[in-house]
Amino acid sequence: MDETVTNAGVVAIVDDDEPLREALGSVMKAAGFSPRTFASAEEFLAGDARDDTACLVLDVRLPGMSGIELQRHLSRTNGRLPIVFVTAHGDAMLRDSLMRAGAAAFLYKPVRSDALLKEIRRALEQASANNQP
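It should be emphasised that the depicted structure is a prediction, and the values quoted were computed from it without experimental measurement.

### Concerning the side chain of threonine 53
Line of reasoning, step 1. Mapped onto the elements of the fold, threonine 53 is located in strand S3 (residues 53-59).
Line of reasoning, step 2. Its relative accessible area of 10% is what places threonine 53 among the buried residues.
Line of reasoning, step 3. Here the side chain of threonine 53 touches alanine 49 through a polar contact of 2.5 Å, landing on its backbone oxygen.
Line of reasoning, step 4. Leaving out residues up to four positions away in the same chain, threonine 53 has contacts with Val10, Ala12, Phe44 and Leu81.

Written out as structure tokens, the structure reads:
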């Protein structure tokens, strides 16, 4: 696996759990990513983060716009942004639905950092392969 490709870019983390956001941000930074954290989907959409984001780590349940709604919005506007969902509230039916809608991965909380990093790298590798001529 090419670490220069898979660790390139910003990993945006959208989760309303502040301690989790901070912990995941630290894990991303230690792994060589540039993390940016957001407490809500609206906060993520309000800035220029979408333009710089290489991969999105997204909670399903958020105040206001849900992670599912954000995925739908991004699929209409940012087509190919890889999304790794993390949730404490989900089942196989939700996982299958989100994966069919284009999610790169679906992980349950508490999420292990090594499993999350593996899925992020896999999603970035796949996105890179899809963008090759």
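### A short note on the environment of alanine 104
Line of reasoning, step 1. Summarising the element assignment, alanine 104 is placed in the loop between helix H6 (92-100) and strand S5 (105-108).
Line of reasoning, step 2. With relative accessibility at 15%, the residue alanine 104 sits in the buried group.
Line of reasoning, step 3. Expressed as a C-alpha distance, the spacing of alanine 104 and glutamate 119, which sit 15 residues apart in the sequence, is 7.6 Å.
Line of reasoning, step 4. Alanine 104 has contacts with Pro82, Ile83, Val84, Met99, Glu119, Arg122 and Ala123, leaving out every residue within four places of it along the chain.

### Concerning the environment of methionine 28
Line of reasoning, step 1. You can see methionine 28 is positioned in helix H2 (residues 18-30).
Line of reasoning, step 2. Given a relative accessible area of 0%, methionine 28 falls into the buried group.
Line of reasoning, step 3. In this structure the C-alpha to C-alpha distance between methionine 28 and valine 10, which are 18 residues apart in sequence, comes to 9.3 Å.
Line of reasoning, step 4. Each residue touching methionine 28, except ones within four places of it in the same chain, is listed here: Val11, Ile13, Phe33, Pro35, Leu116, Leu117 and Ile120.

### Focus: the sheet that holds S5
Line of reasoning, step 1. Spatially, five strands are ordered S2-S1-S3-S4-S5 in an open sheet, and the strand pairing comes out parallel. A strand with exactly one partner marks an edge of an open sheet, and here the two such strands are strand S2 (34-38) and S5. The sheet shows a mean angle of 20 degrees between the axes of neighbouring strands, taken without regard to direction.
Line of reasoning, step 2. Two strands pair when backbone bridges link them, and S3 and strand S4 (residues 83-87) are joined in this way by four bridges, in the parallel orientation. Within the sheet, the bridge partner assigned to aspartate 59 lies in S4 and is valine 86.
Line of reasoning, step 3. Its contacts with the sheet place H6 against S4 and S5, and it is angled at close to 155 degrees to S5.

### Let's talk about H6
Line of reasoning, step 1. N-cap assignment for H6: the residue whose side-chain oxygen lies 3.1 Å from the backbone N of methionine 93 is aspartate 91.
Line of reasoning, step 2. Once H6 ends, the next one or two residues include glycine 102, with phi positive near 115 degrees.

### Considerations on the confidence of the model for the protein chain
Line of reasoning, step 1. Scored by pLDDT, the protein chain has a mean of 90; 91% of the residues are at 70 or more.
Line of reasoning, step 2. Overall, residues 1-6 carries pLDDT values under 50, and its contacts beyond four positions in sequence, including any with other chains, amount to 10 contacts.

### Describing the pattern of salt bridges
Line of reasoning, step 1. Counted according to the given criterion, the structure contains seven salt bridges.
Line of reasoning, step 2. Residues aspartate 52 and arginine 36 are paired through a salt bridge, measuring 4.0 Å at the closest nitrogen-oxygen approach. With aspartate 52 in helix H4 (residues 49-52) and arginine 36 in strand S2, this residue pair connects regions lying 16 residues apart in the sequence.
Line of reasoning, step 3. The partly exposed category is assigned to aspartate 52, whose relative accessible area is 42%.

The rules behind these values
- Residues numbered from 1 in each chain as written.
- Predicted model: local features only at pLDDT ≥ 70, side-chain atom pairs only at ≥ 80, totals over all residues.
- Heavy atoms only, no water.
- Helix = DSSP H or I, 4+ residues; strand = E, 2+ residues; numbered from the N terminus.
- Buried < 20%, exposed > 50% of the residue type's maximum accessible area, 1.4 Å probe, protein only.
- Polar contact = N/O pair within 3.5 Å; in protein donor to acceptor, adjacent residues only side chain to side chain.
- Contact = heavy atoms within 4.5 Å.
- Pairing = 2+ DSSP bridges.
- Axes fitted to C-alpha atoms, helices over the stretch in contact; angles between N-to-C directions.
- pLDDT = per-residue confidence, 0-100.
- Salt bridge = Lys/Arg side-chain N within 4 Å of Asp/Glu carboxyl O.

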